[in-house]
Amino acid sequence: ALAVSDERPVSTQSTWARAVLQVFEDYQASRTKFVQTVAELAMRPQNIEALQNAGVMQLLRPLLLDTVPSIQQSAALALGRLANYSEALAEAVVMNEVLPQLVYSLSEQNRYYKKAAAFVLRAVAKHSPELAHSVVDAGALDSLVDSLSEYEPSVKEGAAWALAYIARHNQDLAQSVVDAGAVAQLVLCIQEPELALKRISASALSEISKHSAELAQSVVDAGAVSYLAPLIQHPDAKLKRQVCSALAQIAKHSVDLAEVVVEAEIFPKILTTLKDLDQIVRKNAATLIREIAKHTPEMARLIVNSSGHAALIDYINESKGNARLSGIMALGYIGAFSDTLALAIIIHQGILPLKDALVNEPEDYIKAASAWSLGQIGRHTADHAKALAQADVFRKLIEVFADQRSSPDLKTKAQRALKATLQKCTHLPALEPLLHDTPDKILKYVIQQFAKVLPNDSAARKSFVQSGGLQKVNELKADEENNAGLLEHITTINNCFPPEIVQYYSPNYSETLLKKLDDYEQQ
């Protein structure tokens, strides 16, 4: 009987203990359910406003410090998704002083939480330079750079992604990332076997390099180029996109940096990338070639010696829209340096795709780039200009210049291209049709060429009369609005012909004849 009475208190005590524990378990289960549900709801844009109105930020913030790791992670994930949605929500995350907690947890918590914390920092930093500064001011950079040396690849990836989003905005933020020691760690990450980590590390180096020569030099000094260049031939398209972009951002700043990229033996490997199945890979490869071609005649010659001009011409033929732009500009840079380089482009039928872009592309900035490139190629000698004339480029440039819908930049580039190429053109049969329906600003360049060539070419003089050129020129002379320079060229042309012929093709010749007839009859 005594034994039975002793057991009752123990049994009652354990029951109470279980009841108390049950309360805590229910509370934990409720918190878990809450954060997981909010994280799922935050994935759908239609739920965001309702979550915000319900005060979700204030409820999630204390859960970042929860005693249960899975609740911390879900809370961070939910906050990241909210911040990712809009700049206003990202600002709300900053205003609720969430960032210092995340930064503290980055150096203390497990790998899953670190990944979620890096996601929040990335989601905040991506929207604007001001929000990225908030992340930097919270002391995130050191923790993110430390995360790049974690064992877990997904943590490294999250940290690299956050650093890329911070660096992308401006030079100061990119410099902060460099000063935190990120570059050397990112170069190590490129050498890791995980594809996703390689991609985002290459992207981060690209974002750092794009702002200035000094930042690009810091990437070069860390040995990045020797690890990036071989990846041009990697089978993964997304990685190749980032690699080509990073190398282009390095090469664009100076001759020295471009030489570093060239010395990594990217030619002729990069040319096969212009044929890649992925459109963005092709576009980024063309951009890389353009950034190298623009610097010096030697680099342009290197590209031509590798048959890069032929590959670029094929690329422009096979592309449409904005993708064409880098290829078009690359040909312009190459053609600008010397007559032999421009001639190589002409021989490989490079004028036709440029003309096609000038005529058929809907966007004016692409047309303007085509006009500029055609001008660079045709401005060297009479033979270069003749190649443009025979492809009917002059008329197309005039049509673009005269079109009311053309942008000011397009009109300017078309006029400059016409001026540069017409002043070299001595192929008069191509110039004769331009005497008709040509704006006065362009017509003066055409007449100037006739004034140069006709005095020394008897066959051209006869053709000029037969084509109606002399008549057109004298009609212009009769127009008193034309300037003195144009009239001087017309006088030079008229002096090449007997006075009777000039008089015959003058606009008032018939009136002169009738007056003579009247005078004769009066006699």
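Residues numbered from 1 in each chain as written. Predicted model: local features only at pLDDT ≥ 70, side-chain atom pairs only at ≥ 80, totals over all residues. Heavy atoms only, no water.

J.: Which parts of the structure should I look at to understand the pattern of salt bridges?
T.: Side chains that differ in sign of charge can pair as their charged atoms come close. Taken as a whole, this structure holds 18 salt bridges when the rule is applied. For Lys 210, the salt bridge goes to Glu 207, with nearest N and O atoms at 2.8 Å. Judged by relative accessible area, Glu 207 falls into the buried class, the value being 18%. One salt bridge in this structure joins Asp 314 and Lys 275, with 3.9 Å as the shortest N-O distance. Taken as a pair, Asp 314 in helix H21 (residues 308–318) and Lys 275 in the loop between helix H18 (269–273) and helix H19 (279–293) lie far apart in primary sequence, 39 residues in all. (Salt bridge = Lys/Arg side-chain N within 4 Å of Asp/Glu carboxyl O. Buried < 20%, exposed > 50% of the residue type's maximum accessible area, 1.4 Å probe, protein only. Helix = DSSP H or I, 4+ residues; strand = E, 2+ residues; numbered from the N terminus.)

J.: Before we go on, may I ask you to explain the side chain of Gln 101 in this structure?
T.: Its location among the elements puts Gln 101 in helix H6 (residues 99–108). Among residues more than four places away in sequence, those in contact with Gln 101 are Arg 61, Leu 64 and Leu 65. (Contact = heavy atoms within 4.5 Å.)

J.: Help me understand the nonpolar core in this model?
T.: Soluble globular proteins tend to pack their nonpolar side chains together in the buried interior. The biggest cluster of nonpolar side chains holds 177 residues, and the ones touching the most others in it are Leu 60, Leu 144, Ile 292 and Ile 493. A total of 9 residues in this core trace back to one element, the largest contributor, which is helix H7 (residues 111–125). Residues in contact with Leu 144, not counting those within four places in the same chain, are Leu 106, Ala 118, Leu 121, Ala 159, Ala 162, Leu 163 and Ile 166. (Core = buried A, V, L, I, M, F, W, Y, C linked by side-chain atoms within 4.5 Å.)

J.: In this structure, what is going on with the packing of helix H16 (residues 237–251) against helix H17 (residues 255–263)? I would like to understand it.
T.: When two helices pack together, you describe them by how their axes are tilted relative to each other and by the distance separating the axes. Between H16 and H17, the least distance of the axes is 7 Å, while the angle of their chain directions is 145°. Counting all contacts with H16, which are made through Leu 247, Ile 250 and Ala 251, the residues of H17 involved are Leu 257, Ala 258 and Val 261. Grouping the amino acids of the contact of H16 with H17 by side-chain chemistry returns 6 nonpolar, no polar and no charged. (Axes fitted to C-alpha atoms, helices over the stretch in contact; angles between N-to-C directions. Nonpolar A, V, L, I, M, F, W, Y, C, P; charged D, E, K, R; others polar.)

J.: Quick question: what am I supposed to make of the packing of helix H24 (residues 351–360) against helix H27 (residues 393–402) here?
T.: Running from N to C, H24 and H27 cross one another at 20°; their axes reach a closest spacing of 10 Å. By the angle between their axes, H24 is roughly parallel relative to H27. The handedness of the crossing between H24 and H27 is left-handed. When H24 is examined against H27, the residues Ile 351, Lys 355, Leu 358 and Val 359 are found in contact with a partner set consisting of Val 393, Lys 396, Leu 397 and Val 400. Residue classes in the contact of H24 with H27 are distributed as 6 nonpolar, no polar and 2 charged. (Parallel < 35°, antiparallel > 145°, perpendicular 65-115°, else oblique. Left-handed = near helix turned anticlockwise from the far one by under 90°.)

J.: How should a negative patch on the surface be read in this particular structure?
T.: Taken together, the side chains of Asp 256, Glu 259, Glu 263 and Glu 298 make up a negatively charged region of the molecular surface. If one sorts the elements of the negative patch by residue count, H17 sits on top with 3 residues. With respect to the secondary-structure elements, Asp 256 resides in helix H17. Taking relative accessible area as the criterion, Asp 256 reaches 55% and is therefore assigned exposed. (Patch = residues over 30% accessible without salt bridge, like charges linked within 9 Å, V, L, I, M, F, W, Y side chains within 5 Å. Areas by Shrake-Rupley, 256 points an atom, 1.4 Å probe, with all protein chains shown as cover. Lys, Arg positive; Asp, Glu negative; His and termini not counted. Charge placed at Lys NZ, Arg CZ, Asp CG, Glu CD.)

J.: Mind showing me how you'd approach the confidence of the model for the protein chain here?
T.: Interpreting fine coordinate detail is not advised for predicted regions of low pLDDT. When pLDDT is averaged along the protein chain, the result is 87, and 93% of the positions lie at 70 or above. Low pLDDT, under 50, characterises residues 1–6; the stretch is placed with 0 contacts to residues that sit more than four places away or in other chains. (pLDDT = per-residue confidence, 0-100.)

J.: How should I be thinking about the environment of Pro 100 in this particular structure?
T.: Following the sequence through the fold, Pro 100 ends up in helix H6. Overall, Pro 100 belongs to the partly exposed group, its relative accessible area being 47%. A sequence separation of 56 residues divides Pro 100 from Arg 44, and the C-alpha atoms of the two residues are 27 Å apart.

J.: Honestly, H27 in this entry has me stumped. Any pointers?
T.: Since one α-helical turn is 3.6 residues long, residues separated by three or four positions face the same way. Taken across its 10 residues, H27 has 7 buried, putting it largely inside the fold. Within H27, the full set of buried residues consists of Val 393, Phe 394, Arg 395, Leu 397, Ile 398, Val 400 and Phe 401.

J.: Is there a simple way to explain the environment of Lys 367 in this structure?
T.: Relative to the assigned elements, Lys 367 resides in helix H25 (residues 364–378). Along the sequence, Lys 367 and Leu 312 sit 55 residues apart, while their C-alpha atoms lie 17 Å from each other. Apart from the residues within four sequence positions on either side, Lys 367 is in contact with Ala 357, Leu 358, Val 359, Asn 360, Glu 361, Pro 362 and Leu 410.

J.: So what exactly am I meant to see when it comes to the packing of aromatic side chains here?
T.: How two aromatic rings sit relative to each other is set out by the distance from centre to centre and by the angle between their planes. In this structure the tally under the stated criterion is 3 aromatic pairs. Between the aromatic rings of Tyr 333 and Trp 372, the centroid separation amounts to 5.2 Å while the plane-to-plane angle is 70°, which identifies the pairing as edge-to-face. With Tyr 333 in helix H22 (residues 325–337) and Trp 372 in helix H25, this pair connects stretches of sequence that are 39 residues apart. With a centroid separation of 4.8 Å and 45° between ring planes, the pair formed by Phe 450 and Phe 464 is classed as tilted. Taken together, the residues span a long stretch of sequence, with Phe 450 in helix H30 (residues 440–453) and Phe 464 in helix H31 (residues 458–466) at a distance of 14 residues. (Phe/Tyr/Trp six-rings, centres within 6.5 Å; stacked < 30°, edge-to-face > 60°.)

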